[in-house]
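Geometric and topological summary
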Amino acid sequence: MAKSKKFLKLAFISLLAVAMLAACGTNAEKTNGGGNEGAKNALETIKKRDKIIFGVKNDTRLFGLKNPSTGEVEGFDIDIAKALAKQILGDESKVEFKEVTSKTRIPLLQKGDIDAIIATMTITEERKKEVDFTDVYFKAGQSLLVKKDSPIKGLKDLKKGTTVLAVKGSTSSQNIREKAPEAKVLEFENYAEAFTALKSGQGDALTTDNAILYGMADEDPSYHIVGGTFTDEPYGIAVRKGEKELLDALNKALKTIKSNGEYDKIYKKWIKKDFSK
Ligand code: GLU
């Protein structure tokens, strides 16, 4: 009797352990479920689901900005993502966009909430330890945005007593500490908040990629970009580490849209200035 009770207890504990292990799968694996059972990698999951889930910015004019009247996100990154979906799945509407910020994009990718990040993301050695990047699809460089009547004309004017606004998790926030060590850096969750803070006088300058700043200056012409660029910010699309099939598919699709003119069309539509030089 005692023996069979012990056995039952043991059996129950093992069952519980198995159930707990099963529940520990990543969201990516969970997304694999629902008809995608057996998918061996992210590309297979995408093909079974017949849709690519991209993490995109929702507050960055020209790259990924939510249009309040339609609820749709619009911009360069969005159109590139659609063009890539057309190459990979045959239809540009086979995409889903989920909002990411500079700080949340890698964690959301690792969790499996998204398949890939296309969100003004610079390829860096540090980030390569966590994710894999496609080839460069856009070239930007870090710069400064100030009010037109500001005495700040460049990095050298970011002296003691000045405050620079930046976004959490961005390369810009890291770089500015090296480039202007005397300035105070105030960080925000996203670019909409940072620009609002600049307008309300919480800082003397806002720093990020020139192409993003250009979108802000375009929105409010009392601001302009100063000091040229002081870093290289090559953008790449990020996927989870080791997702070689998806990475290859994205690189192949990028090559195709660059050679068939689609990339240039999208570039001209959003980026009126050539930032690659
Ligand atoms: N390209 C820079 C970065 O990846 C700045 C833009 C952004 O925050 O997304 O950090």
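For the structure, see preceding data.
Residues numbered from 1 in each chain as written. Predicted model: local features only at pLDDT ≥ 70, side-chain atom pairs only at ≥ 80, totals over all residues. Heavy atoms only, no water.

1. Quick look at the site of the ligand
- Around the ligand, the structure places 17 residues, and the nearest of them are S102, T120, T122, Y191 and D209.
- Between the ligand and R105, the relevant distance is 2.8 Å, taken from an oxygen atom to a side-chain nitrogen or oxygen of the residue.
- Take Y191: an N or O atom from its side chain is 2.6 Å from an oxygen atom of the ligand.
- Surface burial for the ligand is 100%, taken as the share of its 280 Å² of free accessible area covered by protein chains.
- Using a 2 Å cut-off from the grid points, one finds that the ligand occupies the largest cavity.
- Counting only elements with at least two residues in the shell around the ligand, the list comes to α7 (171-179), β12 (205-209) and β14 (233-235).
- Partitioned by chemical class, the residues of the shell around the ligand number 5 nonpolar, 7 polar and 5 charged. (Near = heavy atom within 4 Å. Polar contact = N/O pair within 3.5 Å; in protein donor to acceptor, adjacent residues only side chain to side chain. Areas by Shrake-Rupley, 256 points an atom, 1.4 Å probe, with all protein chains shown as cover. 1 Å grid on protein atoms, 1.4 Å probe; cavity = no way out; pocket = protein on both sides within 12 Å on 5 of 7 lines; lining within 4 Å. Sits in = over half its atoms within 2 Å of the grid points. Helix = DSSP H or I, 4+ residues; strand = E, 2+ residues; numbered from the N terminus. Nonpolar A, V, L, I, M, F, W, Y, C, P; charged D, E, K, R; others polar.)

2. Description of the sheet that holds strand β1 (residues 52-56)
- Taken in spatial order, the 5 strands make up an open sheet running β5-β1-β6-β15-β7, and their pairing is mixed. Of all the strands in the sheet, the pair left with one neighbour each is β5 (95-99) and β7 (131-133).
- As paired elements, β7 and strand β15 (residues 238-240) share 3 bridges and run antiparallel to each other. Bridging from a neighbouring strand, V131 pairs with R240 of β15.
- Strand contacts of helix α10 (residues 244-259): β1, β6 (116-117), β7 and β15, with the helix running at about 160 degrees to β15, the strand carrying the most contacts. (Pairing = 2+ DSSP bridges. Contact = heavy atoms within 4.5 Å. Axes fitted to C-alpha atoms, helices over the stretch in contact; angles between N-to-C directions.)

3. Here's the deal with empty space enclosed by the protein
- A full pass over the atoms with the stated rule returns 1 cavity of 30 Å³ or more.
- In this structure, the largest cavity occupies an estimated 60 Å³ of space.
- Lining the largest cavity we find 13 residues, and of these R105, T120, S170, Y191 and D209 sit closest to its centre.
- Of all the elements in the fold, those that place two or more residues in the lining of the largest cavity are α7 and β12.
- Grouping the constituent residues of the lining of the largest cavity by class yields 2 nonpolar, 7 polar and 4 charged. (Points joined across faces, edges and corners; volume = space filled by probe spheres on them.)

4. A short note on the packing of helix α4 (residues 76-89) against α10
- Running from amino to carboxyl end, α4 crosses α10 at an angle of 105 degrees, the nearest separation of the two axes being 9 Å. It follows from the interaxial angle that α4 and α10 lie roughly perpendicular. Between α4 and α10, the contacting residues are I80, A83, L84, Q87 and I88 on the first element and A249, L250, A253, L254, T256 and I257 on the second.
- The class makeup of the residues in the contact of α4 with α10 is 9 nonpolar, 2 polar and no charged. (Parallel < 35°, antiparallel > 145°, perpendicular 65-115°, else oblique.)

5. A short note on the packing of helix α8 (residues 191-199) against helix α9 (residues 210-219)
- Two elements in contact, α8 and α9, have axes separated by 12 Å at closest approach and are oriented at 50 degrees. Classified by the interaxial angle, the pair formed by α8 and α9 is oblique. In the crossing of α8 with α9, the sense of the turn from one axis to the other is right-handed. Taken together, the residues of α9 that come into contact with α8 (itself represented by Y191, F195 and K199) are I212, M216 and E219. (Left-handed = near helix turned anticlockwise from the far one by under 90°.)

6. Brief notes about the pattern of salt bridges
- Counted under the stated rule, the structure contains 16 salt bridges.
- Here K94 ties to D50 by a salt bridge, and the two come within 3.0 Å at their closest N and O atoms. One end of the pair, K94, is in the loop between α4 and β5; the other, D50, is in the loop between α3 (42-49) and β1, and 44 residues separate them in sequence.
- By relative accessible area, which is 23% here, K94 ends up partly exposed.
- Of the charged contacts, one joins E187 and R177 as a salt bridge, the two residues approaching to 3.3 Å between their closest N and O atoms. (Salt bridge = Lys/Arg side-chain N within 4 Å of Asp/Glu carboxyl O. Buried < 20%, exposed > 50% of the residue type's maximum accessible area, 1.4 Å probe, protein only.)

So far we have only geometry, and geometry alone does not tell us how the molecule works.
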